[in-house]
Amino acid sequence: MTDVRGRIALITGGAAGIGRLLAVELASRGATPVLWDLDEERLEPALADVRARTGVTARGFACDVTDREAVHRAAELVRAEVGDPDVVVNNAGVVSGSRLLDTPDTAIERTFAVNTLALYWVTKAFLPAMVARNRGHVVTVASAAGLVGVARQTDYAASKHAAVGFDESLRVELHTLAPRVVTTVVCPYYIDTGMFEGVRSRFPRLLPILHQDDVARRIALAIERDRRQLVLPPLVRFLPLLRVLPPTVFDRVMDVLGVNVSMDHFTGHKPPA
Ligand SMILES: NC(=O)c1ccc[n+]([C@@H]2O[C@H](COP(=O)([O-])OP(=O)(O)OC[C@H]3O[C@@H](n4cnc5c(N)ncnc54)[C@H](OP(=O)(O)O)[C@@H]3O)[C@@H](O)[C@H]2O)c1
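Reference entry: report on the structure contained in this document.

The rules behind these values
- Residues numbered from 1 in each chain as written.
- Predicted model: local features only at pLDDT ≥ 70, side-chain atom pairs only at ≥ 80, totals over all residues.
- Heavy atoms only, no water.
- Helix = DSSP H or I, 4+ residues; strand = E, 2+ residues; numbered from the N terminus.
- Contact = heavy atoms within 4.5 Å.
- Areas by Shrake-Rupley, 256 points an atom, 1.4 Å probe, with all protein chains shown as cover.
- Lys, Arg positive; Asp, Glu negative; His and termini not counted.
- Charge placed at Lys NZ, Arg CZ, Asp CG, Glu CD.
- Near = heavy atom within 4 Å.
- Polar contact = N/O pair within 3.5 Å; in protein donor to acceptor, adjacent residues only side chain to side chain.
- Nonpolar A, V, L, I, M, F, W, Y, C, P; charged D, E, K, R; others polar.
- Expected span 1.5 Å × (residues − 1).
- Phe/Tyr/Trp six-rings, centres within 6.5 Å; stacked < 30°, edge-to-face > 60°.
- Buried < 20%, exposed > 50% of the residue type's maximum accessible area, 1.4 Å probe, protein only.
- 1 Å grid on protein atoms, 1.4 Å probe; cavity = no way out; pocket = protein on both sides within 12 Å on 5 of 7 lines; lining within 4 Å.
- Points joined across faces, edges and corners; volume = space filled by probe spheres on them.
- Pairing = 2+ DSSP bridges.
- Right-handed = clockwise from strand over helix to strand, strands pointing away.

Looking now at the overall build of the protein. Secondary structure summary: the protein contains eight helices and seven strands in total. Principal-axis analysis of the C-alpha atoms gives the protein an extent of 55 × 50 × 35 Å. Considering only intrachain contacts with a sequence separation of at least 6, the fraction spanning at least 24 residues in the protein is 71%. Looking at the protein as shown, the accessible area adds up to about 13100 Å², and 55% of this sits on carbon and sulfur atoms. Across the protein, the 32 positively charged side chains and the 31 negatively charged ones have centroids separated by 6 Å.

Attention now goes to the site of the ligand. Close to the ligand lie 29 residues, the nearest being D37, Y156, I191, T193 and H269. In the environment of the ligand, an oxygen atom lies 2.7 Å from a nitrogen or oxygen atom belonging to the side chain of Y156. Interatomic distance of 2.7 Å between a side-chain N/O atom of H269 and an oxygen atom of the ligand. Taking 880 Å² as the accessible area of the ligand by itself, protein coverage stands at 93%. Contributions of two or more residues to the shell around the ligand are made by α1 (17-28) and α5 (154-177). Grouping the amino acids of the shell around the ligand by side-chain chemistry returns 17 nonpolar, eight polar and four charged.

Here helix α3 (residues 68-81) spans 20 Å end to end across 14 residues, near enough to the 20 Å set by a 1.5 Å rise per residue. Where α3 is buried, its residues touch β1 (8-12), β2 (32-37), β3 (59-62) and α4 (105-133). Capping the start of α3 is the job of one residue whose side-chain oxygen sits 3.2 Å from the backbone nitrogen of E69: D67. A positive backbone phi angle near 135 degrees is found at G83, which sits one or two residues after α3.

Our next topic: the packing of aromatic side chains. How two aromatic rings sit relative to each other is set out by the distance from centre to centre and by the angle between their planes. Under the counting rule described, the total for this entry stands at six aromatic pairs. Taken together, a centroid distance of 5.8 Å and an interplanar angle of 55 degrees make the contact between W36 and F126 tilted. Of this pair, W36 sits in strand β2 while F126 sits in helix α4, and the two are 90 residues apart along the sequence. According to the relative accessible area criterion, W36 is buried, its value standing at 0%. Owing to a relative accessible area of 2%, F126 belongs among the buried residues under this scheme.

Summed over the entire model, instances satisfying the criterion amount to one cavity of 30 Å³ or more. Here the largest cavity is characterised by a volume of approximately 40 Å³. In terms of lining, the largest cavity is formed by T12, V65, N90, N91, A92, V114, A118 and L119. It is α4 that contributes the most residues to the lining of the largest cavity, three residues altogether. Taken together, the residues that form the lining of the largest cavity break down as five nonpolar, three polar and no charged.

Okay, the pairing of β2 next. Extensive coverage of β2 is indicated by the burial of five of its six residues. Note: β1 against β2, five bridges, orientation parallel. Bridge pairing in β2 links A9 to P33. In this view, the connection linking β1 to its parallel neighbour β2 by way of α1 has right-handed handedness. Chirality of the crossover, the property in question, places the unit of β2, helix α2 (residues 40-54) and β3 among those that are right-handed.

Taking 1.5 Å per residue, twelve residues should reach 16 Å; α1 reaches 17 Å between its end C-alpha atoms and fits that length. With nine of twelve residues buried, α1 lies mostly within the body of the structure. By the burial criterion, the buried members of α1 are I18, G19, L21, L22, A23, V24, E25, L26 and A27. Contact partners of the buried residues in α1: β1, β2, α2, β4 (87-90) and α6 (212-224). Positive phi shows up at G30, right after α1, with a value of about 100 degrees.

Below is the structure:
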């Protein structure tokens, strides 16, 4: 059980979507959120939101998590001005949403830089202090696409498979190194934050588009309960079992569920008005 009261919780990609709502959830449970995002201007409304809804003064720092040096500079600032985080949530993420041959090389590199490599820079910046006091929590927001490949997600799904592998390997490493430093990997299906605007679910009862408030609340609960894995909705938990099927049969099951046409109308975030 991770009691977040009085604890410092650092969240990357905290200006919008799940990061912003998770900050509200954790603040309402007594934590002090520290939000990182690309620029301070975008963080201001999120900090104001946390203050208005919980009365907690969260802190915000501009940090591009793909920039290793910037991560270490921002981590130093956090340690000096707020303290060592007890909870680190690797949440920042991006998606290209196009077929491999339509995805520019720069977009592929960006996907891996944000969704995969940044996990290493951010976690390595804060893990030593957690290991030293044998207490802490590292959350990796992966995706259901970390458990299954999806058409138009060759970069995104691969980057999230890597995120799942990162979490699992770190979890077992920490088991002997610092058993009270725990990890949680989060693997949700699509969420209504706008990041996957335009996606469709063929069977919304089985595979609903998740509500962002609900996902943020479930992540906060998973942190409090030291859950090692949060997979949403429940049907997605059966994916690993279906892996016993031959790949062609597995693919047909995913086709029947509509998974590989789910991105056909993807637009992603609307440009700001
Ligand atoms: N939405 C879904 O359907 C869904 C489903 C499964 C998993 N997830 C995962 O959940 C996490 C949160 O997604 P979300 O839906 O809340 O997305 P979101 O609304 O787009 O929020 C992501 C935040 O991360 C920020 N960010 C992007 N690149 C960054 C960087 N290099 N450094 C620092 N911050 C950066 C974004 O800033 P900008 O807006 O300026 O880019 C944005 O504020 C992601 O890891 C995503 O892959 C989302």
